[in-house]
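# Examination of the molecular architecture
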Amino acid sequence: MFAQRTVRLQCGQANQVLHVLGTQLRVDLSRCAPHGTKFFKAQWTDVLDCRISPGVTGPGEWPLAKMTSMLVSMGAPSKEASDAKVSVSYFGATKEELGKAILHITSIGISLDVDADRDGVVEKNNPNKSSWKWGPKGHGAILLVNCDTEEKFLHRPDFESNTISKLSDLEDMSRMILRVSGPKDLSKDYKLMLHISQGDADKIKIFQAIKNPRPDYSYVLGQKTLSHIVKYEGEETVFFVEGCRFPDEDFDGLVTIYLSVLEPLFSKFPETPIFMDKVVFRIAPWIMTPNILKPIEVYVCSTFDNSSFRKGLKEVVDCSSCKLKVCSWIENRGDRWMQDELEFGYIDSPHKSFPVVLDSPRDRGLKEFPYRELLGPDFGYVTRMAKNETVTSLDSFGNLEVSPPVTVNGKQYPLGRIIIGCAFPTAESGRNMTRVVQNFLRAQKVQEPIALFSDWLFVGHVDEFMTFVPAPNRKGFRLLLASPDAGIRLFQGLQKTGNGTLKMFQGIKTEEVTVDQILSNKTLQKANTFVQSCIDWNRDVLKKELALEEEDIIDLPILFTFQPDGRAVAYYPDMVNMIVLGKNLGIPKPYGPQINGKCVLEEEVRSLLSGLGLNCTFIDDFASYHKNLGEVHCGSNVRRETFTFKWWNMEL
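Residues numbered from 1 in each chain as written. Predicted model: local features only at pLDDT ≥ 70, side-chain atom pairs only at ≥ 80, totals over all residues. Heavy atoms only, no water.

Using the following cut-off: UniProt positions are given in the numbering used here, feature names are shortened, and annotations may be inferred rather than shown by experiment.
Per an unreviewed UniProt entry, the recorded name for the protein chain is protein-arginine deiminase, and the organism is Erpetoichthys calabaricus. What UniProt states about the protein chain under its Subcellular location (unreviewed entry) heading is, verbatim, "Cytoplasm". Note on the protein chain: under the UniProt heading Catalytic activity (unreviewed entry), the record states "L-arginyl-[protein] + H2O = L-citrullyl-[protein] + NH4(+)".

The structure is reproduced here in structure tokens:
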């Protein structure tokens, strides 16, 4: 179906009209007919395709009906302005000529083009360029938020600037091309106007490539400028489009850019739109990376008391063919909790991908590290700050994890599902991750979040009772859960074999305790019964939301104790709170009872994981992290390789 535009004839004079390839001109033949007209005769240039309705074919002389009109189109652009013509003569009852109208037509090809088929090439006039569809057979152009910086010393994302400081900045943007074919000089002062809506003005910026002796790129559209006149030159004009906002609660990620052809009618009157084209972009979501992806860099803080911890961590890193980056005490300002301050992710498009760090709203000693040290060329930054909400421990990103890819009830999650900890659903009060962060995570769409109950913990983070490790079979991973029941059974087994007097915490500066003392502590027993019930709730949620079977879950023996506020902390180093680097695991050293010089807790974990081909290294974090209510995972962070799966191929 051709797009139609109605044009008018005027008897006694020649009018000029612009025709855009791929459209039709509807010429109303009866409206301008002189009084008394009974017949008309139409003639046209051979390059035109003209049809007269109703029921008239070819040039000739025909009776004029009230609704008679002519449909006019051209199959190729004009070589010169006004090189095609339609002539209509009107006659009375005795065939006397009453008047004549002439229409001079100039045809141009015009299209606003983007990479709508997601192959990295801006194709010409893709029929799907004005809409978005998910899936491997989908379509629609993709835009990155230009949230890295080419000028690292500025400590601000590139999208905050209205200038192009380096040509490398263009690589982070999507190309958009205005293609025009036809005569270089039109007979009237037609204008080409690029424009966006007020609602999209804060979400994108557009730069135009200017043809100077040296490359130049001019900011033409954005928050303060909604329209831009493009000089008609009968050739290509290249634009670069950058995203300025990620999808969020109030933004679905879709933006539209329009191109209108404006026709001047009279001086001192506004131009009239005679043709409009449009393209749609979807801004790429922020994507988290699960433990099963290959590690690239491991981050840890240097503090006055964690040298042995860093040494143990380095051993695991060295075995994993990745880099260790140490954040100095000047940079961390005494804040050792690298996991809690930030989460590594990435953004991806057909033409470019780069890591993006999500900065938490916790803002402790490490608050400046993400944008001062990580933000740089091809390393982006995003944050969400709570304006009218109280930031709690649950806003630290030890409370933010992501599962490996899963399929649940036939629905595929090829990028996994985000996991956050919250208060119990029926609780009238309790701590929750701020809505501004939760809304941001949900708005990314591609890793639909799951809410777990973590407010029963003193710190309140999901990484205190769960993690994922790679596995060679079943789903390609296992879920590890902290299990007080498994801990109690392990200690009961020691007691039954006559090892009740074995001591925990030997060789470190803390009070030693025997297996018998642990099992006789009724308060500790009750506390762990409660903790197990909380973990069981989360176990059932994870089984449902990730389509897990019991065979996909491994219980690690962890005991908990309670703080004065009635919330739980790990009784000994929480072995589930580990760092996963490929097949190498850095696990908190639990300082459990020893038999023949071997820690029974360590040996139990090795046994439980033995069939997965994983290497367990136990890292001493007792004084530097465990005593401060955290463990190995809390004190480290990992940037990983990205998924090979492309997010736009998801079926949503």
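From this point, the discussion proceeds with the structure in view.
### Quick look at the packing of helix α6 (residues 484–496) against helix α8 (residues 522–546)
Quick note on the threshold: Simply put, an axis is a line fit to the C-alpha atoms, just over the touching stretch for a helix, and the angle between two N-to-C directions goes from 0 to 180 degrees. Numbering of helices and strands starts at the N terminus; helices are DSSP runs of H or I of at least 4 residues and strands are runs of E of at least 2. Roughly parallel means an angle under 35 degrees; roughly antiparallel, over 145; roughly perpendicular, 65 to 115; everything else is oblique. It only takes one pair of heavy atoms within 4.5 Å for two residues to be counted as in contact. Ten residues, namely Ala, Val, Leu, Ile, Met, Phe, Trp, Tyr, Cys and Pro, are considered nonpolar, four, namely Asp, Glu, Lys and Arg, are considered charged, and the remaining ones, Gly among them, are considered polar.
At a closest axis distance of 8 Å, the pairing of α6 and α8 adopts a crossing angle of 140°. Between α6 and α8, the crossing angle belongs to the class labelled oblique. Of α8, the residues touching α6 (which contributes Pro-484, Asp-485 and Ile-488) are Gln-525, Asn-528, Val-531, Gln-532 and Ile-535. Of the residues contributing to the contact of α6 with α8, the split by class is four nonpolar, three polar and one charged.

### Some words on the sheet that holds strand β28 (residues 418–422)
Which entries qualify depends on this criterion: Between any two strands, at least two bridges found by DSSP are needed for them to pair.
The mixed open sheet is built from three strands, whose spatial order is β25-β28-β29. Taken across any chain shown, the strands that pair with only one partner, and hence form the sheet edges, are β25 (400–402) and β29 (450–453). Strand-to-strand twist across the sheet, computed as the mean angle between neighbouring axes with direction ignored, equals 35°. Running over the sheet, helix α5 (residues 435–443) touches β25 and β28 and is turned about 160° from β28. Strands in contact with α8 are β28 and β29; relative to β29, the strand with the most contacts, it is inclined by about 165°.

### Some points on the nonpolar core
Basically, it comes down to this: Here, nonpolar core refers to any group of buried Ala, Val, Leu, Ile, Met, Phe, Trp, Tyr and Cys residues whose side-chain atoms link them within 4.5 Å. The rule is simple: take the accessible area with a 1.4 Å probe, protein chains only, and divide by the maximum for that residue type; under 20% is buried, over 50% is exposed, in between is partly exposed.
Formed by 72 residues in total, the largest nonpolar core has its most connected members in Met-176, Leu-194, Ile-206, Ile-257, Phe-281, Leu-441 and Trp-647. In terms of residue count, strand β18 (residues 272–283) provides more of this core than any other element does, five residues in total. Sequence-distant contacts of Leu-194, defined by excluding residues within four places in its chain, comprise Leu-112, Met-176, Ile-206, Leu-221, Leu-226, Ser-227, His-228, Val-230, Phe-239, Ile-257, Tyr-258 and Leu-259. Within the second largest apolar cluster, 65 residues are counted, among which are Val-469, Ala-482, Ile-535 and Met-575.

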